[in-house]
Amino acid sequence: MTDRSQDPSARLKCLAEAASDFKVDQRIPIRRYFRSGQEMLKMAEVYRNEGNEEAAYVLYLKYMTLFVEKLKTHKDYPQIIPAEKKKVSSKVREVMGITENLKNTRKKRFESEHS
């Protein structure tokens, strides 16, 4: 997915940029984004279990970007009930820990490949 000759930090940055390179379409119902988020988590877990940490890392980052940053700009975001927002916020915190671990293992792998 990334160029092995690149500096390890640059490779991680490329992955993060790939994960955040999307826009929220106001015409798409916000509920569909919530369902897509659940599918992202399921797929990321499959990738992680299969040992494809890079793909899992990107999906987890994409999930966090969607729910921490991008969805708040959706016109229907204010209609989401507080309990749902709290549930997602809790999930985001859980995913942050997983993502941080994946980032550390990716960085170590990238450093060993680079040297």
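Just above, that's the structure.
Just so we're clear, the structure is a prediction, and the values are computed from it rather than from any experiment.

So, how was this worked out
- Residues numbered from 1 in each chain as written.
- Predicted model: local features only at pLDDT ≥ 70, side-chain atom pairs only at ≥ 80, totals over all residues.
- Heavy atoms only, no water.
- Core = buried A, V, L, I, M, F, W, Y, C linked by side-chain atoms within 4.5 Å.
- Buried < 20%, exposed > 50% of the residue type's maximum accessible area, 1.4 Å probe, protein only.
- Helix = DSSP H or I, 4+ residues; strand = E, 2+ residues; numbered from the N terminus.
- Contact = heavy atoms within 4.5 Å.
- Phe/Tyr/Trp six-rings, centres within 6.5 Å; stacked < 30°, edge-to-face > 60°.
- Lys NZ or Arg CZ within 6 Å of the ring centre and 35° of its normal.
- Polar contact = N/O pair within 3.5 Å; in protein donor to acceptor, adjacent residues only side chain to side chain.
- Expected span 1.5 Å × (residues − 1).
- Lys, Arg positive; Asp, Glu negative; His and termini not counted.
- Salt bridge = Lys/Arg side-chain N within 4 Å of Asp/Glu carboxyl O.

This part takes up the nonpolar core. Residues Phe34, Tyr60, Tyr63, Leu66, Phe67 and Leu71 are the most contacted members of the largest nonpolar core, which totals 30 residues. Every element with two or more residues in this core is listed here: helix H1 (8-20), helix H2 (30-50), helix H3 (53-70) and helix H4 (82-114). By residue number, the principal contributor to this core is H3, which donates 10 residues. When residues no more than four places from it in sequence are discounted, the contact partners of phenylalanine 34 are Phe67, Leu71, Ile80, Glu84 and Val88.

Further remarks concern the packing of aromatic side chains. Summed over the entire model, instances satisfying the criterion amount to 2 aromatic pairs. An angle of 75° between the planes, with centres 5.1 Å apart, marks the rings of phenylalanine 34 and phenylalanine 67 as edge-to-face. Remark: phenylalanine 67 occurs in helix H3 and phenylalanine 34 occurs in helix H2; sequence separation between them is 33 residues. Summarising the burial analysis for this pair, phenylalanine 34 and phenylalanine 67 share the class buried. For the ring pair tyrosine 63 and phenylalanine 67, a centre distance of 4.8 Å and an interplane angle of 45° mean the geometry is tilted. Taken together, the residues tyrosine 63 and phenylalanine 67, both in helix H3 and 4 residues apart, mark about one turn of the helix. Taken together, the ring pairs connect Phe34, Tyr63 and Phe67 into an aromatic cluster. We note arginine 11 situated over the ring of phenylalanine 110; from NZ or CZ to the ring centre the distance is 3.7 Å. The ring of tyrosine 77 has lysine 85 sitting right over it, with the charged end atom 4.4 Å from the ring centre.

Now for the environment of glutamate 17. Inspection of the secondary structure puts glutamate 17 in helix H1. Of the residues examined, glutamate 17 reaches a relative accessible area of 41% and is grouped as partly exposed. The spacing of glutamate 17 and leucine 61 is 44 residues in sequence and 9.5 Å in space, taken between C-alpha atoms.

Below, the discussion takes up the side chain of aspartate 76. One can find aspartate 76 in the loop between H3 and H4. Looking at aspartate 76, the relative accessible area reads 18%, which means it is buried. Looking at aspartate 76, its side chain comes within polar contact range of the side chain of lysine 75, at 3.3 Å.

What follows deals with H4. Residues separated by three or four positions in an α-helix point in the same direction, a consequence of the helix having 3.6 residues per turn. Taking 1.5 Å per residue as the helical rise, H4 with its 33 residues ought to reach 48 Å, and the 46 Å between its terminal C-alpha atoms agrees with that figure. Of the residues making up H4, those classed as buried are Glu84, Val88, Val92, Val95, Ile98, Thr99, Leu102, Arg106 and Phe110. Buried-residue contacts for H4 involve H1, H2 and H3.

Our next topic: the side chain of lysine 70. Among the secondary structure elements, lysine 70 is positioned in helix H3. As a buried residue without a salt bridge, lysine 70 has its nearest oppositely charged side chain in glutamate 69, at a separation of 4.5 Å. Excluding its chain neighbours within four sequence positions, the residues that come into contact with lysine 70 are Ser20, Phe22, Val24 and Thr65.

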